[in-house]
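A look at the structure
Residues per chain are reported as follows:
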Amino acid sequence: MSSDSDSLSGNGSDLRSDLLNVLVLGSGGREHALAWAAAKSPRCGDLVVAPGNGGTPGRREPVVVDDPSDVVALAKRLGTDIVLIGPDSAIAAGVCDALTAAGVLAFGASQAASELEWSKSAARAFCEQYSLPSPSYRVFERDQLEDAVAYVEAGGVPLVVKADGLAAGKGVVVPASVAETVVAVRAVLGGIVSAKVVLEELLCGDEISLLAFSDGTNVVTMPAAQDHKRIGEGDCGANTGGMGAYAPTPLCSPQLVRELTEKIVQPVIDACAQEGRPYRGVLYVGLMLTASGPKVLEFNCRFGDPEAQVLLPLLDTDLLDVAEACALGTLGKLSVTWSEKSACTVVLASPGYPAHPTTGTLISDFGANEPGSILFHAGTENDPAESGRLVTSGGRVVAVTGFGVSFEEARLRAYERANLISFDGKQMRRDIGWRALARTTGGYAASGVDIAEGNRAVDLLKGAVEKTHTSSVLAGIGSFGGAFDAKVLQGMTHPVLVASTDGVGTKVMLATAEGRLKGVGIDLVNHCVNDVLVQNARPLFFLDYVASSKIVPEQIADIVSGMSEACALNGCALLGGETAEMPGVYHDGHIDIAGTLVGIAEKADLLPRPNIAAGDVLIAMASSGPHTSGYSLLRKVFAGLPLDAMPAPLKRPLGDELLEPHRSYFPVLGPLLAGPVGSAIKALVHITGGGLLENLPRVFPAGLAAHVQLGSWPVPALFELVRNVSGLDAHELHRTLNMGVGMVIVCAHTDAAAIRSALSEETWIIGEVAPHDPETNGGTELVVLQ
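Computed from a predicted structure; not experimentally measured.

Rules behind the numbers
- Residues numbered from 1 in each chain as written.
- Predicted model: local features only at pLDDT ≥ 70, side-chain atom pairs only at ≥ 80, totals over all residues.
- Heavy atoms only, no water.
- Helix = DSSP H or I, 4+ residues; strand = E, 2+ residues; numbered from the N terminus.
- Buried < 20%, exposed > 50% of the residue type's maximum accessible area, 1.4 Å probe, protein only.
- Contact = heavy atoms within 4.5 Å.
- Areas by Shrake-Rupley, 256 points an atom, 1.4 Å probe, with all protein chains shown as cover.
- Lys, Arg positive; Asp, Glu negative; His and termini not counted.
- Charge placed at Lys NZ, Arg CZ, Asp CG, Glu CD.
- Pairing = 2+ DSSP bridges.
- Axes fitted to C-alpha atoms, helices over the stretch in contact; angles between N-to-C directions.
- Salt bridge = Lys/Arg side-chain N within 4 Å of Asp/Glu carboxyl O.
- pLDDT = per-residue confidence, 0-100.
- Phe/Tyr/Trp six-rings, centres within 6.5 Å; stacked < 30°, edge-to-face > 60°.
- Lys NZ or Arg CZ within 6 Å of the ring centre and 35° of its normal.
- Parallel < 35°, antiparallel > 145°, perpendicular 65-115°, else oblique.
- Left-handed = near helix turned anticlockwise from the far one by under 90°.
- Nonpolar A, V, L, I, M, F, W, Y, C, P; charged D, E, K, R; others polar.
- Core = buried A, V, L, I, M, F, W, Y, C linked by side-chain atoms within 4.5 Å.

Notes on the overall build of the protein
Looking only at helices and strands, one finds 24 helices and 34 strands in the protein. Its C-alpha atoms give the protein principal-axis dimensions of roughly 105 × 60 × 50 Å. Burial statistics for the protein: of 786 residues in total, 55% are counted as buried. A sequence separation of at least 24 residues applies to 76% of the contacts in the protein between residues at least 6 apart. Of the roughly 30500 Å² of accessible surface on the protein, 53% is carried by carbon and sulfur atoms. Across the protein, the 57 positively charged side chains and the 88 negatively charged ones have centroids separated by 1 Å.

Here it is in structure tokens:
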């Protein structure tokens, strides 16, 4: 099975004409990528991959990769000019040193320099000695097992457990509890892999892979990549050797790459030279981008796997030129350039991987060799029963790298090809690069919704609408709901009808895709109930409207059942509505729902009251989720993540979080408003589209604003995840999403305790009303809680 021949670009301008006989050492996907890059060089003469796999280019030769004498003998027999060393075991065994001593150029680190990888404890001491930013740590040896256990149990803090030696990318455990940490420590010190265990502070943030070429003095840093170590979507489950990667990552800007090169990569190379163990080859720095700055997680002393499969296709310069320059110490004389395209690699693994992979399974289809993707073999071998066919021979079977002018294009091409490859039990993460997609939202406006333009539209039509108003209209456009003076209603002193019309928005697209439409029926009613509640009205009746390209009776029944349930909860009647079938107006399978709720209130009790003043406090009530707002943004943030994934810090699947129904506040606030403290409530604010920033000002008179203290309420896990992966600032987040606050009560400071005591749930004081520029009609300022 030959390798795919797609390439991103031609070779660089620094090519030499002399041929090199090349030996690539190793058998995995990384080595296939090295061989692929070497094969497309005009300087590549004889190409041998030892031992190779079922898909590597060139000839294959048997060899024991971590036996220096065996590798040297093979290189001499083949007349090899340069050896490209892939595996960490070969580096750690001193293969590079043996080749150099035998007069063969070797692209790889020396045994002494590679201590940074094969000894985690030495790497931590190195970082400490040279003041490289790193997590705090402790090292325990095998005879200190009980001391290590005592340290874990006494600390009670999250720790990362690392075996000191090489472990094929699987020697790191991130336990979820103290008990699991103890089990991991005993497994390491009681096993045969390592005589030491390193216990490190658990860091939080985005993890990136920063690789660099070095000739012992000079460095050339590669585009920053992001690996996906966990077996499960949403970065859950066991650690693996890597289930996919992409580059460049928006998590690490070119400016940050330069800073990390200056502050971390180059100092490592300088320190190794100073210690008499010059570092040549590829240095891989695993970094965590924490809130307090980047910190070194680990060093690898060779290309990563699958980072090699995603980075080598982006290398414009001839790899053989680069490898030769690293080996000879002339990297400073070579101009190394990179493609401006993006690449995304998806790994396909055997069933049972990583713990107990099943091998020997026939690979029935590799998919079409389409432009824009490259297939790299890893755990494949020739079928002993049938010539020309391949079977699985390892945990990670193949990797598909897609590339394109944008990350979205690269990812699409990778998955298009990966989905065509077929073998029994194939494991494949469907979310590679989802964090990168989350960074491409550009805010709510880029999602197709522009709040500013929406506000401008209201301003433009407000005058025309108000021309139709009479003295009976007490609240109209721009309010949460229309209020109409209905004096004819009996049994009230001065009854007012309050109406609200709204829809569910793009949340209905998620619900339709998941076949969970009952919740959006609940959403619609509760949203409208809350919009009349904030004017102190109780709901009377509800009318609905459902439209689609084609009516599916079961879907309509599901939606209406949700509406009926919500109406019963809120004590109002579901009178019925309209169902419309409009092919050509809606895309096939798409549904839209809207509705109108009418409530009633005493005119004297209408909210907001006119006595809102500076110094009043803001009491927050929790939302049940995003409610019905911000889904254009949320769908983009999570476009690369399956809805059944459960990335930290979520405690349930993403789809459950996104489709949690919009809560009604009437069962709690209705009795409160009618009770002894009801008159102390000056205003209610339903936090809908526009978030806290846009909704709070709607109840304030001119000259007043809200000062909201960030950190004064617990942000639910979903919103925390959005904040972490989207890169959006606080202003954009709180202008788009409710961030965990669904309703705000405005009251005097002296009444806050009584109101909170009367509520049957936890609330938070999140800020206060403050003076504002009189030229504007209200506003909201976000203030960090001290």
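After presenting the structure, the write-up continues.
Focus: the sheet that holds strand β12 (residues 226-227)
Here we have five strands laid out as an open sheet, ordered β12-β15-β18-β22-β19, and antiparallel in their pairing. The open sheet terminates on both sides in strands that have one partner only, identified here as β12 and β19 (373-377). Here strand β15 (residues 244-247) runs beside strand β18 (residues 342-349); their pairing, made up of four bridges, is antiparallel. Its bridge partner lying in β18, Y246 is registered against C344. Contacts from helix α12 (residues 407-418) reach β15, β18, β19 and β22 (396-404), with the element oriented near 145° to β22.

Looking at the pattern of salt bridges
Applying the stated criterion across every chain yields a total of 34 salt bridges. Linking R43 and D321 is a salt bridge whose minimum nitrogen-to-oxygen distance equals 2.7 Å. Taken together, the positions of R43 in the loop between α1 (29-39) and β2 (44-51) and D321 in helix α11 (residues 319-328) put the pair 278 residues apart, joining distant regions of the chain. Take R43 and D321: they sit in the same class, and that class is buried. The residue R124 makes a salt bridge to E200 at a minimum N-O spacing of 2.7 Å. A residue pair is termed long-range when its members are at least 10 positions apart, and R124 in helix α6 (residues 120-129) and E200 in strand β9 (residues 196-201) qualify at 76 residues.

Observations concerning the confidence of the model for the protein
Taken residue by residue, the protein gives an average pLDDT of 90. The fraction at 70 or more is 90%. Confidence drops under pLDDT 50 across residues 9-16; counting only partners more than four residues distant or on other chains, this segment forms 20 contacts. Confidence drops under pLDDT 50 across residues 460-473; counting only partners more than four residues distant or on other chains, this segment forms eight contacts.

Section: the packing of aromatic side chains
For the structure on display, the rule yields nine aromatic pairs. With a centroid separation of 5.5 Å and an interplanar angle of 45°, the aromatic rings of F140 and Y151 are classed as tilted. With F140 in strand β6 (residues 137-141) and Y151 in helix α7 (residues 145-155), this pair connects stretches of sequence that are eleven residues apart. Using a relative accessible area of 2% as the deciding quantity, one classes F140 as buried. One cation-aromatic arrangement involves R138 over Y151; the distance from NZ or CZ to the ring centre is 4.9 Å.

Details of the sheet that holds strand β17 (residues 293-300)
Sheet architecture is open: four strands sit in the order β11-β10-β16-β17, paired in antiparallel fashion. At either end of the open sheet lies a strand with only one pairing partner, and these are β11 (219-221) and β17. Neighbouring strand axes in the sheet, compared pairwise and without regard to direction, differ in orientation by 30° on average. Summarising the sheet, strand β16 (residues 280-290) and β17 pair through seven bridges and their orientation is antiparallel.

Considering the packing of helix α16 (residues 518-533) against helix α20 (residues 666-674)
The description of two helices packed together rests on the angle between their axes and the distance between the axes. In contact at an axis separation of 11 Å, α16 and α20 are set at 20° when each is read in the N-to-C sense. Classed by the angle they form, the pair α16 and α20 counts as roughly parallel. In the crossing of α16 with α20, the sense of the turn from one axis to the other is left-handed. Only F666, L669 and L673 of α20 make contact with α16, whose side of the interface consists of V529, N530 and L533.

Quick notes on the packing of α16 against helix α17 (residues 553-570)
Two elements in contact, α16 and α17, have axes whose closest approach is 6 Å; the angle formed by their N-to-C orientations is 40°. Viewed along their axes, α16 and α17 adopt a mutual orientation that is oblique. Along this stretch, α16 crosses α17, giving a crossing that reads as right-handed. Taken together, the residues of α17 that come into contact with α16 (itself represented by K518, V520, G521, I522, L524, V525, N526 and V529) are D558, I559, S561, G562, M563, E565, A566, C567 and N570. Class assignment of the residues belonging to the contact of α16 with α17 gives a composition of nine nonpolar, five polar and three charged.

Some words on the nonpolar core
The tendency in soluble globular proteins is for nonpolar side chains to be buried side by side. Counting residues in hydrophobic clusters, the biggest one holds 93 residues, and the most contacted among them are L618, F638, L669, L684 and F700. A per-element tally of this core places α16 first, with eight residues. Counting 73 residues, the second largest nonpolar core, distinct from the first, contains V48, V63, V219 and C344.

Some points on the pairing of strand β29 (residues 617-622)
In summary, the side chains of a regular strand alternate between the two faces of the sheet. Within β29, five of the six residues are buried, which leaves the element mostly enclosed by the surrounding structure. Bridge count for β29 against strand β32 (residues 741-747) is six bridges, and the pairing is antiparallel. Across the sheet, A620 pairs through a bridge with V744, a residue of β32. Where β29 meets strand β33 (residues 763-771), five bridges bridge the pair, whose relative direction is antiparallel. For I619, the partnering residue across the bridge sits in β33 and is I765.

Re the side chain of S121
Its location among the elements puts S121 in helix α6. The class of S121 is buried, set by a relative accessible area of 10%. Setting aside residues no more than four positions away along its own chain, S121 makes contact with V139, D164, K196 and V198.

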